[in-house]
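Coordinate analysis (summary)
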Amino acid sequence: MVIGHIKEMVRHPVKSFSGESVEKTRVLDYGLYGDRSHAFSDETRPGKFLTITQFPEMVRYQARFVGEESLEAYPKVEIVTPEGKTLDWGSIDLVKEIETKSERKLSQIIFPPSNVPLGAIEEEHIQIVTDASVQKLEEMWGTTDLDYRRFRPNLLLSLNEKVPFIEEEWLGRRMKIGNEVEIELIRHCERCMIITVSPENAKTDMTLLRTVAKERENCFGVYASVIKTGEIHVGDEVHLL
């Protein structure tokens, strides 16, 4: 059964930086190619990553891959800072800037293209939200400009039948995307303060989290695990199996 299509795909080359919208990409065992493959290790909290929770302004750093996807090595990761400077991942200037602003000692981590572990990615391989659910939550929140990027999903699905939160009824079922990829919907996505941070200016509005907690038992969107790898494209049909 065709339930809709991919409206937008987003991967995050650097964990907690703003992601890049792509027209096509490979889905590997861990999710979208290179998603959260580069990260800052927070030396003030051994074993932990620096994230938006500790440093909200991370959302204002735009990260993207420049070049062709390869399993041998990543293409260059280019970052545009909030001030408009363009820096490459690995740049000493980038590390110093984030350390100064966050007031933390940091080191850089890169996971290989073939295996980005859970924990770096998130809690599952792929996060999904639907246009119908975003629109309904927008009504609940009492606004007309809810940016879906607040939820940092990988896939924004456009549903043929605009039934809000219908994706929650599909948990335990599989989806086929395009001609190759299959995923299994695993569980709800429980939300935290990250959704309160505007991806445009990093300003915080706690009323969104309170709305999700009150109206949706603090859950919005669903997690999925990868069953079959392959290539996907914006516009690909999504089949509920």
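Quick note: structure is the one above.
First, a word on what this report is: a plain description of the structure on this page.

What counts and what doesn't
Residues numbered from 1 in each chain as written. Predicted model: local features only at pLDDT ≥ 70, side-chain atom pairs only at ≥ 80, totals over all residues. Heavy atoms only, no water. Core = buried A, V, L, I, M, F, W, Y, C linked by side-chain atoms within 4.5 Å. Buried < 20%, exposed > 50% of the residue type's maximum accessible area, 1.4 Å probe, protein only. Helix = DSSP H or I, 4+ residues; strand = E, 2+ residues; numbered from the N terminus. Contact = heavy atoms within 4.5 Å. Axes fitted to C-alpha atoms, helices over the stretch in contact; angles between N-to-C directions. Parallel < 35°, antiparallel > 145°, perpendicular 65-115°, else oblique. Nonpolar A, V, L, I, M, F, W, Y, C, P; charged D, E, K, R; others polar. Polar contact = N/O pair within 3.5 Å; in protein donor to acceptor, adjacent residues only side chain to side chain. Arc of directions from axis to C-beta.

**Some remarks on the nonpolar core**
Of all hydrophobic cores here, the largest spans 32 residues; its most connected members are Val14, Phe17, Phe40, Ile79, Leu94 and Ile98. Elements that contribute at least two residues to this core include exactly β5 (38–42), β7 (62–66), β8 (76–80) and α1 (92–102). Broken down by element, this core gets its largest block of residues, three residues, from α1. Once residues lying within four places of it in the same chain are set aside, the contact partners of Val14 are His38, Phe40, Ala63, Val77, Ile79 and Trp89.

**With respect to the packing of helix α2 (residues 131–141) against helix α3 (residues 207–216)**
Where α2 contacts α3, the axes come no closer than 10 Å and their chain directions differ by 105°. By the angle between their axes, α2 is roughly perpendicular relative to α3. Along the contact surface, α2 presents Leu137, Met140 and Trp141, while α3 presents Thr207, Leu208, Thr211, Val212, Glu215 and Arg216. Looking at the contact of α2 with α3 residue by residue, the class counts come to five nonpolar, two polar and two charged.

**Digging into the side chain of Arg11**
Positionally, Arg11 belongs in strand β1 (residues 2–11). Look at Arg11 and you get buried, because its relative accessible area is 5%. A distance of 2.8 Å separates the side chain of Arg11 from the side chain of Glu20, its partner in a polar contact. Here the side chain of Arg11 touches Glu69 through a polar contact of 2.6 Å, side chain to side chain. Apart from residues no more than four positions distant in its own chain, Arg11 is found in contact with Gly19, Glu20, Val22, Thr25, Leu32, Tyr33, Asp35, Phe65 and Glu69.

**Quick word on α3**
Within α3, the full set of buried residues consists of Leu208, Leu209, Thr211, Val212 and Arg216. Along the axis of α3, the buried positions cluster into a sector of 155°, meaning they face one direction only. Opposite its buried face, α3 presents the exposed residues Arg210 and Lys214, each directed more than 90 degrees away. Against α2 and β15 (219–228) lie the buried residues of α3. Following α3 by one or two positions, Glu217 has its phi on the positive side, about 55°.

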